[in-house]
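If you want the building blocks of each chain, they are given just below.
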Amino acid sequence: MQTTHNNYMKYWIWGLLLCLPLAAQGYTVGEITAESTRMSGNTLKRHFLMKPGEEFSSARYEYAQDELHKLRVFKKLDFTATPRGDKMDINIRADDGWYLFPMGFIAGGSKRAAGLSLAGGNIFKQGESTFLFVGGGKDGWTSQIGVGATQHFLNLRYTHLKADQRFYQDNWFNIPSVFSTADDKEDHEDKLLREVEGTQDIVALTYKYRFAPHWRAALRPQYKHISYKHDALDSGNHHQVAVGLEYSRDIRPGLNMGALSGYGLTDKTKSLQDLPGVRSGYTGAVYYTNGGDWTGSDYSISKLSIEGAWILELPARHVFMWQVKGENAFTTPFSDQVASTDLLSSGRYDRQLRGKRGAGSTVSFMYYLMRNDTGLLSITPFYELSYVDTGARYQPHSGAGASLMYRLWRFPLPFGLNYTHNLQDGSHQFSVAVGGSFR
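When helices and strands are counted, the chain shows 5 helices and 26 strands. Considered along the principal axes of its C-alpha atoms, the chain spans approximately 105 × 40 × 40 Å. Counting all 439 residues of the chain, 44% fall into the buried class. Contacts in the chain between residues at least 24 apart in sequence constitute 59% of all its contacts with a sequence separation of at least 6. Surface summary for the chain: the accessible area is close to 22200 Å², and the carbon and sulfur share equals 57%.

A few words now on the nonpolar core. Counting 25 residues, the largest nonpolar core has Leu 44, Phe 48, Met 50, Leu 68, Phe 74, Ile 90 and Ile 92 as its most contacted members. Looking at this core, the elements that each hand over two or more residues are strand S1 (27-35), helix H3 (58-69), strand S3 (74-84) and strand S4 (87-96). In terms of nonpolar packing, the next biggest core, distinct from the first, is built from 9 residues, Met 321, Met 366, Leu 376 and Trp 409 among them.

Looking at the chain, pLDDT values average 88 and 92% of them are 70 or higher. Predicted confidence is poor over residues 11-24, with pLDDT under 50, and the contacts of this stretch with residues over four places away or in other chains come to 0 contacts.

Given a rise of 1.5 Å per residue, 12 residues ought to cover 16 Å, and the 17 Å separating the end C-alpha atoms of H3 matches this to within 8%. Taken together, the buried positions of H3 are Tyr 61, Tyr 63, Ala 64, Gln 65, Asp 66, Glu 67, Leu 68 and His 69. Next to the buried residues of H3 lie helix H2 (41-47), strand S2 (55-56), S3, S4, strand S13 (198-212) and helix H5 (268-272).

Turning to the pairing of S13, a few remarks are in order. As judged from the 11 bridges shared by strand S9 (residues 152-162) and S13, these two strands associate in the antiparallel manner. Within the sheet, the bridge partner assigned to Asn 155 lies in S13 and is Thr 206. The pairing of S13 with strand S14 (residues 215-228) spans 12 bridges and is classified as antiparallel. Bridging across to S14, Tyr 207 finds its partner in Leu 219. Connecting S13 to the next strand, S14, in antiparallel fashion are 2 residues.

Basis of the calculations
- In every chain, residue numbers begin from 1 and rise along the written sequence.
- In view of the model being predicted, local features appear only for residues whose pLDDT reaches at least 70, and side-chain atom pairs are presented and counted only at 80 or more, with totals across whole chains, interfaces and linings using the full set of residues.
- With hydrogens and water set aside, each side-chain value is computed from the structure's full complement of heavy atoms.
- Per the convention used, a helix needs a DSSP run of H or I reaching at least four residues, while a strand needs a run of E reaching at least two, with both numbered from the N terminus.
- A 1.4 Å probe rolled over the protein chains alone gives each residue an accessible area, and that area as a share of the maximum for its type sets the label: buried under 20%, exposed over 50%, partly exposed in between.
- The criterion used for residue contact is that any of the two residues' heavy atoms lie within 4.5 Å.
- Here the accessible surface of atoms and residues is derived via Shrake-Rupley with a 1.4 Å probe, and residues count as covered only by protein chains that are part of the display.
- Buried Ala, Val, Leu, Ile, Met, Phe, Trp, Tyr and Cys residues form a nonpolar core when they are joined through side-chain atoms within 4.5 Å.
- Within a predicted model, pLDDT stands for the predictor's per-residue confidence, ranging from 0 to 100.
- By definition here, a helix of n residues has an expected span of 1.5 Å times n minus one.
- At least two bridges found by DSSP between two strands is the condition for calling them paired.

Listed below in structure tokens is the structure:
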């Protein structure tokens, strides 16, 4: 019996040794087949970020699945990977639909504003997302229309804005905005030095092309005309063109308006589960803007901006984020200078600093107070600081606060409250927060 047992052990060990090279053998992606309810199989495969002949790995396979989930147009999404020699064949079966959802909102405060949006998805069976937005208030109005599909994203925006410039003590200026609900003139009237009335019209077309899984190139021509009273400041044309390069290996999915129609919840169960470990994501972008005679501008404009973010997600899905931004205005008129608020990411402010160059950083931590089948409740404290070269010196603009947000799975647009304390001028901002990105 002992001899028989030893023989069995010997055969088992030899069999294991023979199988080890097979177990260690790497696979390449083989044939990819796909079928769906509305979109064609070829369209589905274009959105899937693994291609035949590429190296196959479980991490890349899971990432490609997540990117399909992020289209938010599926009721059901199944994947099968089958070995075939040194190939790994992949089959995708999807049940997709379409949606078109209108939504209106009203913003209160000393300046009321209202808006109407129309969001759509997969209407043209390309897995695309579309949106239309129109809104306005006391200080002007704005409209946008956009569509994103596979590698392409296109957005057209028009804004007509009352852009009065108010100059305060210590180099502070107001922030012209269609949806600013606070009146900085009333809040800081004792420090107001002078005011110049004006309006501005902006037409901007943005086109982005994803030429690799994590990379996009961008082009943004912009018509901008400013008219200040009595031709003061820099009245005239500020037409400009921006080119950019973006990198994104983010871990946060976008908003899912399709959930209202029952679509886009295919990874809900997975999103509610704790992660096996910590994971991280990265984003970055660099843009160069130029304007002059060749764009029809009355002024020379040359600006370089960079930004990046590091995102760390803990096993319980809490998210730490560090964002940095920098901008250098080599040549610009007053109205195109670097604004301190453009260098900050989380707070709400009614005034800003302006200068030739600056840099800023924001640190935030999103903590989930509740995660269940109904929705997600989170609180996100933040601290941010920027420095802007105002001429004689670099001047700080910092703020701290928190956002309390809630999102229903079937109504994914998050809503809640935001509090910001400007640590330089001591002002406080309470506002209703609608929208934003969180998991």
